[in-house]
Amino acid sequence: MIKVLVVDDSALVRKILTEELNRQKDIEVVGTAIDPYAARDKIIELKPDVLTLDLEMPRMDGLSFLEKLMKHYPMPVVVVSSLTPKNSENALMALRLGAVDVICKPGSAYSTQNISVQIVKAIRTASVARFDRTAVTEQEAGNGRAAAGEAPVREAGLIHTTSKLIAMGASTGGTRAIELVLKSLPPDTPGIAMVQHMPPVFTTTFAERLNQISPLEVREARDRDRISPGVALLAPGNYHMQVEKSGASYYVRIKQGPPVHHQRPSVDVLFHSVASAAGVNATGVLMTGMGSDGAKGMLAMKQAGAHNIVQNEATSVVFGMPREAIKIGAASEISALADIPGRIVANVKKTKTAQSQG
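Throughout this description, residue numbers start from 1 for each chain and increase along the sequence as written. Selection of residues for local features in this predicted model requires a pLDDT of at least 70, selection of side-chain atom pairs for listing and counting requires 80 or more, and totals for whole chains, interfaces and linings are taken over all residues. Excluded from the side-chain calculations are hydrogens and water; all other atoms, namely the structure's heavy atoms, are used.

### Here's the deal with unusual backbone geometry
The test is simple: Each helix is a run of DSSP H or I of at least 4 residues and each strand a run of E of at least 2, with the numbering of both proceeding from the N terminus.
Across the junction of Arg-264 and Pro-265, the peptide omega takes the value 15 degrees, indicating a cis bond. For Arg-59, which is not glycine, the phi torsion reads 75 degrees and is therefore positive. Looking at the element boundaries, Arg-59 is found in the loop between β3 (50-53) and α3 (62-72). Even without a glycine there, the phi angle at Arg-224 is positive, about 75 degrees. On the secondary structure map, Arg-224 appears in the loop between β8 (217-220) and β9 (231-234).

This is the structure in structure tokens:
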């Protein structure tokens, strides 16, 4: 059984979450708490496997509590947050602080019909997340860049070509992973097309956040945006993103269509299109996430000549997607998260040198 502690100052929300979760055969709500102070005592007493956490509570807000919790007693946390523009930045901050997932309250009226499937899925995903291996500090990120060497980064000269691109995908734990990778890449990195499983309201804010901390220009993708050096395009929530080729240039198409692996956007949709459009000119990156989305698309990329980098188990919050890619032979190399930026730069430089000599 997955033991859950529900933390929310609303008696109605605590009641609804308890009832919905207890309907599942593999989940049991072992207690509730009205604020972080009560939650602290309940965590020690009940030792839950997963915590659900509201952000707006009396005495201490959820973000402050989450930061303290991850520092002193790291454990899987699912944030249950109001779906408003004001709160979307808070939700992203929660993910950066270590929350496994964010479930959005549909509005002022709490809808069990909309929330039940999402919260159950999030609890199950959170229950297999690990926290003893996932702390990637700024120092570790710096060590990863140092291992690659600053000089090779500067010498890559990738601004002069539009024939390379990087396709990146992640899910659970991916917001922190993508942030670390993007802020560690040089500004002349080939264009990036990336998918992070995330609701629509968060993709715009997430892209804005990445744009602030990364040397790259990061934005939410629009239909027919060109993939250019120094630019990273994030698939908008609830839309698939595909790459197409026009002459020597690549651009993205933003489309609807049925979910793939229950996801829209889907990493597999992106990767399959990159395999077809770019082949050997592409570098694939698949990072932490639940399920198998991206594995088959990455295999298609490898078969088309792309070089694929897959995050290792030790630094993945959830090793589902990377494991599936490795299992079917889609990985060209397996790398710790802090080393992925350096591996991207090294591979692109190697590819450029080989092609110029050929």
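### What about the environment of Ala-232?
Secondary-structure assignment places Ala-232 in strand β9. In this structure the C-alpha to C-alpha distance between Ala-232 and Ala-221, which are eleven residues apart in sequence, comes to 8.6 Å.

### A short note on the side chain of Asn-308
To be explicit about the condition: Residue exposure (1.4 Å probe, protein chains only): buried if accessible area is under 20% of the type maximum, exposed if over 50%, otherwise partly exposed. Between two residues, a contact is recorded if the distance between any of their heavy atoms is within 4.5 Å.
Within the secondary structure, Asn-308 is located in strand β13 (residues 307-311). With relative accessibility at 0%, the residue Asn-308 sits in the buried group. In this structure, Asn-308 is in contact with Gly-284, Met-298, Met-301, Lys-302, Ala-330, Ala-331, Ser-332 and Glu-333, ignoring residues within four places of it in sequence.

### Examining the sheet that holds strand β6 (residues 165-170)
Stated formally: Think of it this way: DSSP has to see at least two bridges between two strands before they count as a pair. Angles here are taken between N-to-C directions and fall from 0 to 180 degrees, while the axes themselves are lines fitted to C-alpha atoms, restricted in helices to the stretch in contact.
Pairing in this open sheet of seven strands is parallel, and the strands run β8-β9-β7-β6-β12-β13-β14 from one edge to the other. Of all the strands in the sheet, the pair left with one neighbour each is β8 and β14 (333-335). On average, adjacent strands in this sheet sit at an angle of 20 degrees to one another, irrespective of strand direction. Here strand β7 (residues 191-196) pairs with β9 via three bridges, running parallel. By the bridge assignment for β9, Ile-192 is matched with Ala-232. Its contacts with the sheet place helix α11 (residues 295-303) against β6, β12 (282-286) and β13, and it is angled at close to 155 degrees to β12. Contacting β6, β12, β13 and β14, helix α12 (residues 320-327) runs over the sheet at an angle of about 135 degrees to β13.

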